[in-house]
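# An overview of the molecular structure
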Amino acid sequence: TLEKEILKLSCGYFPKENLLELKKNVDLQEELLNQKGVEREYHKLDTKFHYIIFQGNNKENIWAAITRLSTHYNRIRQLSEMERSFEEAIEQHKIIIQLIENKEADKVDQVVDKHIVEPIKYWRNLYKPDSPYFNYFDFPFQNPELIQ
């Protein structure tokens, strides 16, 4: 929700230096494509990409609050990035940059849903019994719905 609203603000006004920083960040992300063992480096760049958007809106304190509350979210994101290519996320980052450049706030909801909400459906595979990460999770009640 916060990312959507900050991105909408970005479509109204976003400093050129921050826009250039976003583009450089995506260039660095693309350099990592098709390389092995670079998931942590990609994760750092991805996190920085989203931080730059908050920074461009003078909302660094909001970003800091989000990251303090996102430990488990970031952990599962990293596991997901280890299992799936991040090529699609990079393409979505390019679309986000285009939205900002073209001031297309009306497209923000759709893009953010695809970029942030939709990938969550793949996370279930990370805690299925046949996943190499199954033991990373604690299922105190062994609720079958959680691992189906």
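The sections below set out a description of the structure shown in this document. Within every chain, residues take consecutive numbers counted from 1 along the sequence as written. Under the rules for a predicted model, residues below a pLDDT of 70 receive no local features and side-chain atom pairs below 80 are neither given nor counted, while totals for whole chains, interfaces and linings still include all residues. Side-chain descriptors were evaluated using all non-hydrogen atoms of the structure, hydrogens and water having been removed beforehand.

## Examining the environment of Tyr73
Condition: In this description a helix means any DSSP run of H or I spanning at least four residues, a strand means any run of E spanning at least two, and both kinds are numbered starting from the N terminus. The contact criterion used throughout is that any non-hydrogen atoms of two residues lie within 4.5 Å.
As for its position among the elements, Tyr73 is in helix α5 (residues 71-83). Residues Tyr73 and Cys11, spaced 62 residues apart in sequence, show a C-alpha to C-alpha distance of 26 Å. For Tyr73, the residues in contact, after removing those within four places along its chain, are Ile116 and Trp123.

## A closer look at the side chain of His43
Selection criterion: Only protein chains enter the accessibility calculation, which uses a 1.4 Å probe; a residue is then buried when its area is under 20% of its type maximum, exposed when over 50%, and partly exposed in between.
Tracing the backbone through its elements, the reader meets His43 in helix α3 (residues 39-56). For His43, a relative accessible area of 8% gives the class buried. Beyond its immediate stretch of four places on either side in the chain, His43 contacts Asn74, Arg77, Gln78 and Glu81.

## A word on the packing of aromatic side chains
We count it as follows: Any pair of Phe, Tyr and Trp rings, taking the six-membered ring for Trp, is counted once the centres come within 6.5 Å. Such a pair is stacked with planes under 30 degrees apart, edge-to-face with planes over 60 apart, and tilted for the rest.
Within this structure, the stated rule accounts for three aromatic pairs. Look at Tyr42 and Phe86: their rings are 4.0 Å apart centre to centre, the planes differ by 5°, and that puts the pair in the stacked class. With Tyr42 in helix α3 and Phe86 in the loop between α5 and α6 (87-102), this pair connects stretches of sequence that are 44 residues apart. By way of ring pairs, the aromatic residues Tyr51, Phe54 and Trp63 are connected into one cluster.

## Digging into unusual backbone geometry
In this structure, Asn34 is a non-glycine residue whose phi angle is positive, near 65°. Mapping Asn34 onto the fold places it in the loop between α2 (16-32) and α3. For Asn34, a relative accessible area of 83% corresponds to the exposed category. Even without a glycine there, the phi angle at Asn58 is positive, about 55°. Mapped onto the secondary structure, Asn58 falls in the loop between α3 and α4 (60-68).

Structural measurements only, silent on function.
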